[in-house]
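What the coordinates show
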Amino acid sequence: MATHIKNQPILVPRQEHCISRKNISKAALKVMYRLLDAGFTAFLVGGSVRDLLVGIQPKDFDVATNAHPNQIKQLFNRQARIIGKRFRLVHVQFGPEIIEVSTFRGQHPVDDESTMSEHASISDTGQILRDNIFGSIEDDALRRDFTINALYYTVDNFVIHDYVGGMSDLNKKRIRLIGDPNLRYREDPVRLLRAIRFAAKLGFNLDSATAKPIKNQADLLYSVPTARLFDETLKLLLSDCSFTTFKQLIDYQLFEKIFPKTHPLLFKGDHAKYNYDFVVAALKNTENRLKSGKTVTPVFLFAVMLWPCVIESIRKSLPNEQPLMSHLHRSVTQELFAQHQVTTIPRRISKGVREIWEM
């Protein structure tokens, strides 16, 4: 089901929603009020609005405005830093907290090649490589991924602006892409993973049109930069719903794109049941630690996910006369290198993984 912009947004007044300024970070409030005082518009947008509406305290607060990056930088001076090439954003820092401020994004003028080359770029497969065309709040709403992430809250009058039916989908506990799902997944294949992550995190269901293309579009993940895929993997599996997320990744044939050597070892061979149970136990342990306020580390996550690969590699090489530790060192290097080609593993992580395995 395609999502069309409304001529006028649905306005949800203060008395009809649960968002309160006491649950919004002081830094985000300072950013919005300073933008408003300077004559710009300013909205809290994205995951923070969504989470506040469902009773989750957000970890991050993002602000959208009609001010351009250079204007934002000038307004906040040394507290602001323009970042990004693919998407130009401004990070505004108050103490240890950073508020990400974005300018409303516009639609791509497909008939103007000079504008496209200067401000935006799209690959042959439809993936957005650079997107710095600015527009109105209505344009910006259509450019966002899911309806529940396209709700705009302003401290000007404490009203929520809903252009794409996000409030209705929140109430129906539904994850729905804005626009044509096939096109939107091609624009940014990470949306395949985000759909699963939000469904698991919120306990929502995927809209049928949003869910239908996922398996057929799964190969698009091969075009995602490996460093970005690493970051998304951490968001997926280092959470208090990691087991639910894992099951949905398996069901939608996405897990095999992230851990291609691990996946078959969970379902085929003499040791499949042990491997599967081992991974599940680790994910449930991660969930329990986070729910009880304890810390988790990506070192442990990757050590668990790749351990079946290391053991399988050692088994295949055991007839060789070399000492067991030689087999281990060779297998560790081999499996870390193979995974690094899919999801970049920073050296600080791979070093810790090696230490766990060697113990």
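Only a predicted model underlies this, so the values are computations on that prediction, with no experimental measurement involved.

1. Structural notes on a nonpolar patch on the surface
On the surface, a cluster of nonpolar side chains totalling about 330 Å² of accessible area is made up of F300, I356 and M359. On the secondary structure map, I356 appears in helix 18 (residues 347-358).

2. Some thoughts on the confidence of the model for the protein
Predicted coordinates in areas of low pLDDT are best not read in detail. When pLDDT is averaged along the protein, the result is 90; 89% of the residues meet or exceed 70. Every residue in residues 110-117 scores below 50 in pLDDT, and together they form eight contacts with partners more than four places removed in sequence or on other chains.

3. So, the environment of G179
Structurally, G179 is set in the loop between strand 11 (174-175) and helix 7 (181-187). For G179 and T210, which are 31 residues apart along the polypeptide, the C-alpha to C-alpha distance reads 9.7 Å.

4. A few points about the pairing of strand 3 (residues 62-65)
Of the strand pairs in this sheet, strand 2 (residues 42-45) and strand 3 are connected by four bridges, and their pairing is antiparallel. From the neighbouring strand, V45 faces strand 3, where its bridge partner is D62. The sheet contact formed by strand 3 and strand 6 (residues 97-103) spans four bridges and is parallel. Residue D62 lies in a different strand from strand 6, and its bridge partner there is E100.

5. Concerning the sheet that holds strand 3
Spatially, eight strands are ordered 1-10-9-2-3-6-5-4 in an open sheet, and the strand pairing comes out mixed. Strands at the two margins of the open sheet, each flanked by one partner only, are strand 1 (10-12) and strand 4 (80-83). Between one strand and the next, the sheet's axes are offset by a mean angle of 30°, whatever the strand orientation. In the packing of helix 3 (residues 69-76) onto the sheet, the strands contacted are strand 3, strand 4, strand 5 (89-94) and strand 6, and the crossing angle to strand 4 comes to about 160°.

6. Some points on the pairing of strand 5
Buried residues dominate strand 5, accounting for five of its six residues. With five bridges joining them, strand 5 and strand 6 adopt antiparallel strand pairing. What sits directly across from F94, in strand 6, is E97. The turn linking strand 5 back onto strand 6 is made up of two residues, and G95 within it adopts a positive phi angle of 65°.

7. Comments concerning helix 1 (residues 26-37)
Across its twelve residues, helix 1 extends 16 Å between first and last C-alpha, which sits within 8% of the 16 Å expected from 1.5 Å per residue. Where helix 1 is buried, its residues meet strand 2, strand 3, helix 3, strand 5, strand 6 and strand 9 (151-153). Looking at the residues trailing helix 1, positive phi occurs at G39, about 95°.

8. What to know about the nonpolar core
Side chains of nonpolar character tend, in soluble globular proteins, to be buried together. One finds I24, L44 and F246 to be the most contacted residues of the largest nonpolar core, which totals 88 residues. Here this core takes nine residues from helix 16 (residues 298-317), the largest share from any one element. Apart from residues no more than four positions distant in its own chain, I24 is found in contact with I19, L29, M32, L44, L52, F61 and Y153.

9. What about helix 11 (residues 226-237)?
With twelve residues, helix 11 should cover 16 Å at 1.5 Å per step; its first-to-last C-alpha distance of 16 Å lies within 8% of that length. All of the buried residues in helix 11 are L229, F230, E232, T233, L234, L236 and L237.

10. Things to note about the packing of aromatic side chains
Under the defined criterion, the tally for this structure stands at 13 aromatic pairs. Between the aromatic rings of F43 and F104, the centroid separation amounts to 6.3 Å while the plane-to-plane angle is 50°, which identifies the pairing as tilted. With a gap of 61 residues between them, F43 in strand 2 and F104 in the loop between strand 6 and helix 4 (113-119) connect regions that are remote in the sequence. Of the two residues, F43 and F104, both sit in the buried class. A ring pair is formed by F76 and F94, whose centres lie 6.5 Å apart and whose planes are at 90°; its orientation type is edge-to-face. Highlighted residues: F76 in helix 3 and F94 in strand 5, separated in sequence by 18 residues. The class for F94 is buried, based on a relative accessible area of 13%. Among the aromatic residues, ring-to-ring pairing joins F230, F246, F255, F259, F267, Y276 and F302 into one connected group.

About the thresholds
Residues numbered from 1 in each chain as written. Predicted model: local features only at pLDDT ≥ 70, side-chain atom pairs only at ≥ 80, totals over all residues. Heavy atoms only, no water. Patch = residues over 30% accessible without salt bridge, like charges linked within 9 Å, V, L, I, M, F, W, Y side chains within 5 Å. Areas by Shrake-Rupley, 256 points an atom, 1.4 Å probe, with all protein chains shown as cover. Salt bridge = Lys/Arg side-chain N within 4 Å of Asp/Glu carboxyl O. Helix = DSSP H or I, 4+ residues; strand = E, 2+ residues; numbered from the N terminus. pLDDT = per-residue confidence, 0-100. Contact = heavy atoms within 4.5 Å. Pairing = 2+ DSSP bridges. Axes fitted to C-alpha atoms, helices over the stretch in contact; angles between N-to-C directions. Buried < 20%, exposed > 50% of the residue type's maximum accessible area, 1.4 Å probe, protein only. Expected span 1.5 Å × (residues − 1). Core = buried A, V, L, I, M, F, W, Y, C linked by side-chain atoms within 4.5 Å. Phe/Tyr/Trp six-rings, centres within 6.5 Å; stacked < 30°, edge-to-face > 60°.

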